[in-house]
Amino acid sequence: NAGVTQTPKFQVLKTGQSMTLQCAQDMNHEYMSWYRQDPGMGLRLIHYSVGAGITDQGEVPNGYNVSRSTTEDFPLRLLSAAPSQTSVYFCASSLLAGEYYNEQFFGPGTRLTVL
Amino acid sequence: EDKVVQSPLSLVVHEGDTVTLNCSYEVTNFRSLLWYKQEKKAPTFLFMLTSSGIEKKSGRLSSILDKKELFSILNITATQTGDSAVYLCAVENSGYALNFGKGTSLLVTP
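Notes on the structure in this doc start here.

**Quick notes on the packing of aromatic side chains**
Summed over all chains, the structure comprises ten aromatic pairs over all chains. Centre to centre, the rings of tyrosine 35 of chain A and phenylalanine 106 of chain A are 5.8 Å apart; their planes meet at 35°, and the pair counts as tilted. Pair noted here: tyrosine 35 of chain A is in strand β4 (residues 31-38) and phenylalanine 106 of chain A is in strand β10 (residues 105-106), with a separation of 71 residues, a long-range link. Accessibility expressed as a relative area gives 11% for phenylalanine 106 of chain A, which makes it buried. The interplanar angle of 20° and the centroid separation of 5.0 Å between the aromatic rings of tyrosine 25 of chain B and phenylalanine 30 of chain B together place this pair among those described as stacked. Clustering of aromatic rings is evident, with ring pairs tying together Tyr35, Phe90 and Phe106 of chain A together with Tyr36, Phe45 and Phe100 of chain B. Across the ring face of phenylalanine 74 of chain A, the terminal group of arginine 68 of chain A is positioned such that the distance to the ring centre comes to 6.0 Å.

**Describing the interface of chain A and chain B**
The interface of chain A with chain B comprises 20 residues on the first partner and 20 residues on the second. Summed over both sides, the interface between chain A and chain B buries roughly 1600 Å², with carbon and sulfur atoms accounting for 60% of that surface. Linking chain A with chain B are one residue pair in polar contact (both at pLDDT 80 or more). In terms of residues, the side of chain A that touches chain B owes the most to one element, strand β5 (residues 42-51) of chain A, which gives five residues.

**Overview of the nonpolar core**
All names here are of chain B. If you look at the biggest cluster of nonpolar residues, it comprises 20 residues, and the most contacted ones within it are Leu33, Trp35, Tyr87 and Leu106. Secondary-structure elements contributing two or more residues to this core are β3 (19-26), β4 (30-38), β5 (44-49), β7 (61-66), β8 (71-76), β9 (85-93) and β11 (104-109). Among all residues touching leucine 33, those that are not within four sequence positions of it are Cys23, Tyr25, Phe47, Met48, Leu49, Leu65, Ser72, Cys89, Ala90 and Val91.

**Some words on the sheet that holds strand β1 (residues 4-7) of chain A**
Sheet strands associate in pairs through backbone hydrogen bonding, adopting either a parallel or an antiparallel arrangement. Residue and element names in this part refer to chain A. Judged by pairing direction, the sheet is antiparallel, and its four strands sit side by side in the order β1-β3-β8-β7 without closing on themselves. Every interior strand has two partners, whereas the edge strands, β1 and β7 (64-66), have only one. Recorded for the sheet is a direction-independent mean angle of 20° between the axes of neighbouring strands. Direction of pairing for β1 relative to strand β3 (residues 19-25): antiparallel, over a ladder of four bridges. By the bridge assignment, valine 4 is partnered in β3 with glutamine 25.

**Thoughts on the sheet that holds β3 of chain B**
Residue and element names in this part refer to chain B. Taken together, the five strands give an open sheet; going across it, the order is β1-β3-β8-β7-β6, and neighbouring strands pair in antiparallel fashion. Bordering the open sheet on either side are β1 (3-7) and β6 (56-58), each of which pairs with just one other strand. If you compare each strand with its neighbour and ignore which way they point, the axes differ by 15° on average. Of the pairings in the sheet, the one linking β7 to β8 comprises six bridges and is antiparallel in character. The residue of β8 that forms the bridge with leucine 61 is isoleucine 76.

**Things to note about the environment of histidine 47 of chain A**
Residue and element names in this part refer to chain A. Along the polypeptide, histidine 47 turns up in strand β5. A C-alpha to C-alpha distance of 7.9 Å links histidine 47 and glutamate 59, two positions twelve residues apart in sequence. Here histidine 47 is in contact with Ser33, Trp34, Asp56, Gln57, Gly58, Pro61, Tyr64, Asn65, Val66, Phe74 and Leu76, once residues within four sequence places are set aside. A polar contact of 3.5 Å, which involves the side chain of histidine 47, links it to the backbone oxygen of aspartate 56.

**Describing the side chain of serine 94 of chain A**
Assignment of secondary structure puts serine 94 of chain A in strand β9 (residues 87-94). When its relative accessible area of 0% is taken as the criterion, serine 94 of chain A is described as buried.

**Thoughts on the pattern of salt bridges**
For the structure on display, the rule yields six salt bridges over all chains. Among the ionic pairs, aspartate 38 of chain A bridges to arginine 44 of chain A, the shortest N-O distance being 2.8 Å. Judged by relative accessible area, which is 12%, aspartate 38 of chain A ranks as buried. Residue class for arginine 44 of chain A comes out buried when judged on its relative accessible area of 18%. In this structure, the salt-bridge partner of glutamate 39 of chain B is lysine 37 of chain B, at a minimum N-O distance of 3.9 Å. Take glutamate 39 of chain B: its relative accessible area is 37%, and that puts it in the partly exposed class. Lysine 37 of chain B gets classed as buried once you look at its relative accessible area, which sits at 14%. A single network of salt bridges, built from pairs that share partners, joins Arg36, Asp38 and Arg44 of chain A.

Rules of the game
- What you see as residue numbers is a count from 1 along each chain, following the sequence as written.
- Key to labels: chains lettered from A, ligands numbered from 1, both in the order written.
- In keeping with the model being predicted, local features are shown solely for residues with a pLDDT of at least 70 and side-chain atom pairs are shown and tallied solely at 80 or more, while totals for entire chains, interfaces and linings include all residues.
- The side-chain numbers reported here are obtained from all heavy atoms of the structure, hydrogens and water having been left aside.
- Stacked, tilted and edge-to-face are the three classes assigned to paired rings of Phe, Tyr and Trp, where Trp is represented by its six-membered ring and a pair needs centres within 6.5 Å; plane angles under 30 degrees give stacked, over 60 edge-to-face, the rest tilted.
- Counting from the N terminus, the helices are DSSP H or I runs at least four residues long and the strands are E runs at least two residues long.
- Each residue is assigned to one of three classes by its accessible area relative to the maximum for its type, calculated with a 1.4 Å probe on protein chains only: buried under 20%, partly exposed between the two thresholds, exposed over 50%.
- Two conditions define a charge sitting above a ring: the NZ of Lys or the CZ of Arg must be within 6 Å of the ring centre, and it must be within 35 degrees of the ring normal.
- Here, residues are in contact when the closest pair of their heavy atoms is within 4.5 Å.
- Two parts placed together each lose some accessible area under a 1.4 Å probe, and adding up what both lose gives the buried area.
- Here a polar contact is recorded for every N or O atom pair within 3.5 Å, except that within protein the pair must consist of a potential hydrogen donor and a potential acceptor, and residues adjacent in sequence are included only if both atoms are side-chain atoms.
- In plain words, nonpolar cores are sets of buried Ala, Val, Leu, Ile, Met, Phe, Trp, Tyr and Cys residues tied together by side-chain atoms within 4.5 Å.
- Two strands make a pair as long as DSSP finds a minimum of two bridges between them.
- Structural elements are reduced to axes, namely lines fitted to C-alpha atoms, with helices fitted over the stretch in contact, and the angle between N-to-C directions of any two is expressed from 0 to 180 degrees.
- What counts as a salt bridge is simple: a side-chain nitrogen of Lys or Arg found within 4 Å of a carboxyl oxygen of Asp or Glu.

Here it is, written out as structure tokens:
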């Protein structure tokens, strides 16, 4: 049981480049989400999904796309990277019902730098 | 707009002290409030609270929610240096989105 995995761990991009941050979970969790964490800002929700084929925007969705074609995977795409997207990105997942509902499990994070 | 405010933003205490961290919120269609601990890596889950007045407890940590006054507190008794971390409060609305506060940075000195 690997939990929530994220790749890559570190990434450096040039302004204007695109890339995909990968997130996968093997716990059969319905809910998956992406956050960014900047110094002094806490965690801010980018996008989230309550099941395959369903996604919704969080607090800071601009510049990011997501899709949820399977229960396990929830990739985050940066369309045209900007220096303002330099951050640490966390993926998280949880059940939506039951005794352990909403106990979100976080991946190890991806540290992204945009030059 | 949903809002979660944590106080204090940072705190320095001595080992053995008791600390109280605060989280106040304004959210449309409240569903739950969660506390996390973050130590230089990914946050780890501490508690989820959905009902007022029912204390959740785990060892030296405890938390309670007041849905009338819209706040929660996290208590840590007999603090240890291993409790040094950022403590995050998050509130969930009925759409399942989590809104995090900026966190309280706790440093426990020997």
